[in-house]
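# Coordinate analysis (summary)
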Amino acid sequence: PSMYKFVVVGGGSGGLAMASSLSRKHGKGQVAVIEPSEEHFYQPMWTLVGGGIKKKEQSRGLTKDVMPKACDWIKEKAVEFDPENNSVKTSGGKVVQYDYLVVAMGLQLNFDKLKGLPEALENDPMVCCNYSYNTVDKTFKALQNFKSGNAIFTIPNTPVKCAGAPQKIMYLTEEYFRQNNKRDKATVMYCSPLPSIFSAPKYAAVMMEICKKRGIQVNLRHNLVEIKPQSKEAVFAKLDTEPNETITLPYEMLHVPPPMGPPDILKASPLAGPAGFLSVNKETGQHTKYPNVFGIGDCTDFPTSKTAAAAAAQSGVLKKTINAVVNGLTPVAKYDGYTSCPLITGRRSCVLAEFDYNLEPLETFPFDQSKERRSMYHMKADFMPTMYWHAFVKGLWTGPALYRKIMHLGFSR
Ligand code: FAD
Ligand code: UQ1
């Protein structure tokens, strides 16, 4: 078996950030990254691809170009965790041994868990999804081909990465319809199983106001349970009725993020908590049972919204946690749950939500970020991608906390 000081499972956003900083600190041959994909995607760009603002190729890089040179890249899937024996089995039959393990496998997309979704994505050009590279280019085509009827935007009744993304594309669509003489022929609807449009109340209030102003119907506690592409209908369960009544809505266009959940192999392993995600201490990122195992990003059960911004902040804490554990000390760094969601509301506007475990705003800039701003649009669309490829994946971006403190002259948490 191969033997490493550190093994990182998953070379996505969080995995690369950790592999970069660990290999920078500990040197060549000490860190292995298990990652099957030849391609690396900057997923936050997919909202803009769906809106016709960027080309999908701009979101794509090659794993070989972002993999830290000092790391050994094992181009296989992890298929089994054996934390009692400090090892991971791979799809190629390797047994990789570690002293310390970092799990960063992201969320699994479960298209087949929604009745009719795979067929609809395959056969109906007006059913689209920004959540995968393969489907993201259907979205803008659907906007262009839209004639009249319901444009419905849904969010699944599961954990979701970037829980704002399902509505960002709706705002881009509504604006596109207005600018292309289709708005009066369209009924734009957001259907969500949740009791509010967004988790943090400060921003939820603003988004409801924006929907009202722009004539967008918000149907809360509506859970999409089936798509019927033949008759172009979407079936929703009304979660506030007992037993659940269903309502069938015809669609002209339908944007559907798939059900999501923990990766199967993680869920089946001793590393999983009750919901199947990696069970971590919510302050330190250390595994709750195995002290030499750590987690970052969407595959963990940190009780905050799953975003790259959250993974960035977690990476700062995790570096300190791992360093402490490697040196035989008790981890002391504390993650506050920081997460961020740039809620794009148009081709020149964005509400930059930033908040913590308590859903309290934790805003970087010294102005009220719940206002739609052009500056925040450019931050998201122009600055973030560069920052991602040049700093984040290199482990050099651990979130804006320091800038927040400077810009608030020290008067901030
Ligand atoms: P990922 O980056 O998804 O990486 C997981 C990696 O694990 C992948 O490379 C995968 O190949 C690998 N993997 C999976 N299974 C295995 C296995 N068995 N063995 C080995 N490797 C495996 N975040 C923001 O902060 N701001 C935004 O504006 C934003 N917008 C978004 C819009 C969309 C449409 C989407 C889809 C996401 C958005 N996000 C946004 C979320 C962000 O992309 C994720 O939260 C972030 O990428 C999480 O990083 P991660 O490392 O946990 O997972
Ligand atoms: C962020 O750190 C981050 O991770 C790279 C994102 O993902 C692309 C974001 O969208 C945002 C908003 C942040 C937070 C950064 C600032 C400057 C507020």
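Please refer to the structure higher up on the page.
Overview of the structure. Here the structure is a predicted model, which is why all the values come from computation and not from measurement.

## Some thoughts on the packing of aromatic side chains
Taken as a whole and assessed by the stated rule, the structure comprises 15 aromatic pairs. Aromatic side chains Y335 and Y357 sit 5.5 Å apart centroid to centroid with 70° between the ring planes, which places their arrangement in the edge-to-face category. Taken together, the residues Y335 in the loop between α9 (308-326) and β20 (339-346) and Y357 in the loop between β21 (349-355) and α10 (374-392) connect sequence positions 22 residues apart. Each member of the pair, Y335 as well as Y357, is classed as buried. Members of the aromatic cluster, each reached through a chain of ring pairs, are Y42, Y388, W389 and F392. When the ring centre of Y133 is taken as origin, the NZ or CZ atom of K56, which lies over that ring, is 4.4 Å away. Over the ring of F277 we find K306; its NZ or CZ atom is 4.4 Å from the centre of that ring.

## With respect to α9
Look at α9: 26 Å from first C-alpha to last across 19 residues, which is about the 27 Å you get at 1.5 Å a residue. Phi turns positive one or two residues past the end of α9, at G328, with a value near 75°.

## Remarks on the nonpolar core
Counting residues in each nonpolar core, the largest one holds 66 residues, and the members touching the most others are F198, I227 and M253. Per-element accounting of this core gives the leading share, seven residues, to helix α6 (residues 165-179). The residues touching F198, leaving out its near neighbours within four places in the chain, are G164, Q167, Y203, A204, C341, L343, A353 and F355. Membership of the second largest hydrophobic core comes to 36 residues, among which are F6, L22, V102 and V393.

So, how was this worked out
- Residues numbered from 1 in each chain as written.
- Chains lettered and ligands numbered in written order.
- Predicted model: local features only at pLDDT ≥ 70, side-chain atom pairs only at ≥ 80, totals over all residues.
- Heavy atoms only, no water.
- Phe/Tyr/Trp six-rings, centres within 6.5 Å; stacked < 30°, edge-to-face > 60°.
- Helix = DSSP H or I, 4+ residues; strand = E, 2+ residues; numbered from the N terminus.
- Buried < 20%, exposed > 50% of the residue type's maximum accessible area, 1.4 Å probe, protein only.
- Lys NZ or Arg CZ within 6 Å of the ring centre and 35° of its normal.
- Expected span 1.5 Å × (residues − 1).
- Core = buried A, V, L, I, M, F, W, Y, C linked by side-chain atoms within 4.5 Å.
- Contact = heavy atoms within 4.5 Å.

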